[in-house]
Every structure is written in structure tokens, then in C-alpha cells.
Amino acid sequence: MQSFIQLIAYGYSTNCLIKIFISVRIIKIRVGYYEMDLGSTILFLVSVLIGIGLFAGVCYMIFKSPFEYPYCHTELDISGLRTPTMRDLIDVYLNKHGFSKFSDHYKQVEIWKTECKKQIDASIFKNLRAQQFESILDDEHMFRFELTRRQTRYSQSNYVRSSYLVQVTVAEHAYSYTLLKQRFDALAKIGFECTLSEYHSKEQRKRMTKALREKIAIRDNYTCQNCGKYMPDGVGLQIDHIVPIAKGGKSVPSNLQVLCSKCNGKKSNK
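Within any chain, residue numbers begin from 1 and follow the written order of that chain's sequence. The model is predicted, so local features are restricted to residues of pLDDT at least 70 and side-chain atom pairs to those at 80 or more, both for listing and for counting; the totals for chains, interfaces and linings are taken over all residues. Side-chain numbers come from the whole structure's heavy atoms, not from hydrogens or water.

### Notes on the packing of aromatic side chains
- Only rings of Phe, Tyr and Trp enter the pairing, Trp through its six-membered ring, and a pair is recorded when the two centres are within 6.5 Å. The plane angle decides the type: under 30 degrees is stacked, over 60 is edge-to-face, the rest tilted. Overall, the coordinates contain 14 aromatic pairs when judged by the stated rule.
- Note on Tyr-106 and Tyr-177: the rings are 4.0 Å apart at their centroids and 20 degrees apart in plane angle, and the pair reads as stacked. Residue Tyr-106 is located in helix H4 (residues 100-122), and its partner Tyr-177 is located in helix H6 (residues 177-189); the two are separated by 71 residues in the primary sequence.
- Relative to Phe-192, the ring of Phe-184 lies with its centre 5.2 Å away and its plane at 40 degrees, an arrangement referred to as tilted. A run of DSSP states H or I qualifies as a helix once it reaches four residues; a run of E qualifies as a strand once it reaches two. Both are numbered from the N-terminal end.

Quick look at the structure:
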């Protein structure tokens with residue numbers, strides 16, 4: 001009995017679909033001076049929409065800006081540093097790596113600008129291309145520095161938790177070629193021995209860290225630079241400012257030397 005009812009329902013629904021399809025085919029829609037059935041109308045509208053989309057895509061490809069400013073990206077790892085200042089980080093980088101990366105990129109940008117101007121002159125949309133070129137120039141932020149930290153992440157597999165490190169960008173800063181060049185020239189005047197903030201610090205004695213003392217001792221081979229006494233065990237070894245801090249001396253390697261306690265005492269008495 002249930003199967004019989006389902007069969008009747010199926011026949012009824014099929015009959016309804018056939019009637020609806022026939023009625024749709026009969027419907028006429030007047031478009032301008034033409035009459036079309038609903039199916040032809042839908043096909044016509046879809047074709048129009050596709051044509052509009054293609055036209056918009058072609059216009060976008062033609063009128064979009066072909067220029068992209070060539071930034072120089074540099075990553076600085078600040079893992080283990082609490083509150084580093086950006087200027088000190090740049091000084092450390094310049095002291096270690098020099099300025100060639102930045103000067104080379106600056107030359108490449110100048111070449112890129114020349115090529116862009118040639119492209120503008122050869123374009124049929126000169127005014128548009130010139131405006132697009134001017135809008136992307138960003139020489140004040142040519143060099144971008146990304147500050148990253150190593151952070152610990154954890155994963156779990158088969159109920160075993162394991163850690164791994166990821167490098168995460170925590171901040172970004174950008175500078176011009178002029179600013180970096182001025183910074184480099186200032187560092188060159190002090191022999192790239194420290195950062196500018198360290199060099200101009202009024203608390204030079206606090207800069208006499210254990211690491212700096214050890215660096216000078218190794219450089220001078222644990223030997224007094226006055227009398228030649230060898231002090232490999234460090235007993236009696238003192239790190240002396242050649243130009244005293246009171247007279248403007250700095251706690252930089254070029255102004256530091258190893259002296260024995262006797263020679264350093266004689267110097268202090270002068």
C-alpha cells in the first residue's frame with residue numbers, strides 16, 4: 001500500500017515538472033523589438049554579464065600601475081634583548097656588515113627609476129603612467145628593517161609534548177638612504193668601535209663590561225703595554241684608559257690597554 005502511494009506521488013510530481021517546463025518555454029519576454037522565451041533571455045543576460053566582466057578585466061589590466069617600488073628588506077634578530085633602540089641596532093649592523101648593501105641597493109633604485117621613465121615615455125598613456133609612478137615613490141622609507149624574535153612553540157604527538165623555535169616579526173621600521181649614510185659616516189669617525197649612543201654616553205665607566213675587559217686582555221695577550229709583564233692568570237692585570245675619562249676619553253678598544261697594577265699606579269700619580 002505504501003509503495004503504491006509513493007508511486008502515485010512520484011507520477012504526480014513528474015507530471016508537475018513537465019507542466020512547469022512547458023509553461024516556462026511558452027513564456028515570452030519582449031526585449032526591444034524582439035520576443036524571447038525565458039531560457040533565451042537568461043542565456044542573453046549571462047552573456048552580457050560575461051562580456052561586461054571581460055571588458056572590466058581588460059580595462060583593469062590596461063590601466064593598473066605597472067610600477068612597484070623596490071624596497072630593501074633587512075632582518076634584525078633581537079632575541080635576548082629587552083628594550084633595544086632602533087638606532088643602536090642599526091649602528092651594530094653597520095659596524096658589523098658595513099654600508100655596501102645599502103649603497104648597492106640605492107644604485108639599483110636609481111637605475112630602476114631611469115627604466116621607469118623610459119617606459120613612461122614609450123607609453124600611450126604618458127600622463128596616467130607618470131601619475132602612477134610618482135604615487136609609488138617612497139625614498140623616505142627605502143630601507144625597511146624587520147625586528148624578529150625567536151619564540152618557543154609546542155606541539156603534541158602521541159601524548160608527547162615537544163618544543164620548537166619559530167622566528168616571529170615583532171616590529172618594522174623604515175629609513176631613507178640619507179639617514180643611514182649620515183649614521184655610517186658618524187660611525188666611521190669613531191672607527192666603528194661602538195654605537196653612537198655608547199660613544200657619547202656620559203657614563204663611560206659603566207661601559208667597562210666584563211666582556212669588553214676580556215676582549216682587551218686577549219687583544220694585548222695579557223701583557224702590560226708599558227713594562228711587558230705577562231699576566232696569564234689575570235692577577236694584577238688592569239684595563240687602563242689611554243686618554244682618561246676625565247679628559248674626554250671613551251671606553252672603546254682603541255682607547256683601552258692592558259697595564260699591570262704597578263704601571264697603572266705610576267700613571268695615576270702623574
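### Looking at the pairing of strand S3 (residues 72-77)
- What you see with S3 is a clean split: Cys-72, Thr-74 and Leu-76 sit on the buried side and His-73, Glu-75 and Asp-77 on the side with no burial.
- If DSSP finds at least two bridges between two strands, the strands pair. In this structure, S3 lies alongside strand S4 (residues 143-157), joined through six bridges in parallel fashion. When the sheet's bridge partners are listed, His-73 is paired in S4 with Arg-144. The buried label goes to any residue with under 20% of its type's maximum accessible area, the exposed label to any with over 50%, and the partly exposed label to all in between, with areas taken from a 1.4 Å probe on protein chains only.

### A word on the sheet that holds strand S5 (residues 160-175)
- The sheet built from three strands is open, its strands ordered S3-S4-S5 with mixed pairing. Of all the strands in the sheet, just S3 and S5 have a single pairing partner and so form its edges. Here the average twist between neighbouring strands, direction ignored, is 35 degrees.
- Contacting S3 and S4, H4 runs over the sheet at an angle of about 160 degrees to S3. Axes here refer to lines fitted to C-alpha atoms; in helices the fit is confined to the stretch in contact. Angles between the N-to-C directions go from 0 to 180 degrees. The criterion used for residue contact is that any of the two residues' heavy atoms lie within 4.5 Å.

### A few points about helix H3 (residues 86-97)
- Residue count minus one, scaled by 1.5 Å, sets the expected span of a helix. When the terminal C-alpha atoms of H3 are compared, their 16 Å separation across 12 residues agrees well with the 16 Å that a helix rising 1.5 Å per residue should span.
- Gly-98 occupies a position one or two residues after H3 and carries a positive phi of about 80 degrees.

### A short note on the environment of Asp-139
- Among the secondary structure elements, Asp-139 is positioned in the loop between helix H5 (126-136) and S4.
- Distance from Asp-139 to Thr-178, taken between C-alpha atoms, is 9.5 Å for residues 39 residues apart in sequence.
- Beyond its immediate stretch of four places on either side in the chain, Asp-139 contacts Tyr-69, Lys-113, Ser-176 and Tyr-177.
- Each polar contact in these results corresponds to two N or O atoms within 3.5 Å; when the atoms are within protein, one needs to be able to donate a hydrogen and the other to accept it, and residues that are neighboring in sequence are counted only if both atoms are side-chain atoms. At a separation of 2.5 Å, a polar atom in the side chain of Asp-139 contacts the side chain of Tyr-69.

### A look at the state of the cysteines
- Cysteine sulfur atoms that come within 2.5 Å of each other are treated as a disulfide pair. Going through the model one piece at a time under the given rule, you end up with zero disulfides.
- Looking at Cys-263, it has no disulfide partner, and the nearest cysteine sulfur is the one in Cys-260, 3.4 Å off.

### Re the packing of H3 against H6
- Contact geometry for H3 and H6: axes closest at 10 Å, N-to-C directions at 65 degrees. Seen from above, H3 lies across H6 with right-handed handedness. Here Arg-87, Ile-90, Asp-91, Leu-94 and Asn-95 of H3 come into contact with H6, specifically with Leu-180, Arg-183, Phe-184 and Leu-187.
- Three residue categories are used. Nonpolar comprises Ala, Val, Leu, Ile, Met, Phe, Trp, Tyr, Cys and Pro, charged comprises Asp, Glu, Lys and Arg, and polar comprises the others, including Gly. Tallied by class, the residues present in the contact of H3 with H6 amount to five nonpolar, one polar and three charged. We call a crossing left-handed when the near helix sits turned anticlockwise from the far one by less than a right angle, and right-handed when that turn is clockwise.

### Side note on the nonpolar core
- Residues belong to one nonpolar core when they are buried, are Ala, Val, Leu, Ile, Met, Phe, Trp, Tyr or Cys, and are joined through side-chain atoms within 4.5 Å. Counting residues in each nonpolar core, the largest one holds 30 residues, and the members touching the most others are Met-86, Phe-102, Phe-143, Phe-145 and Leu-180.
- Breaking this core down by element, the ones donating at least two residues are S3, H3, H4, S4 and H6.
- Excluding residues that lie within four positions of it along the chain, Phe-102 makes contacts with Thr-74, Tyr-93, Leu-94, Phe-143, Phe-145, Tyr-177 and Leu-180.
- In this structure, Leu-212, Ala-217, Met-231 and Leu-237 belong to the second largest nonpolar core, which totals 13 residues.

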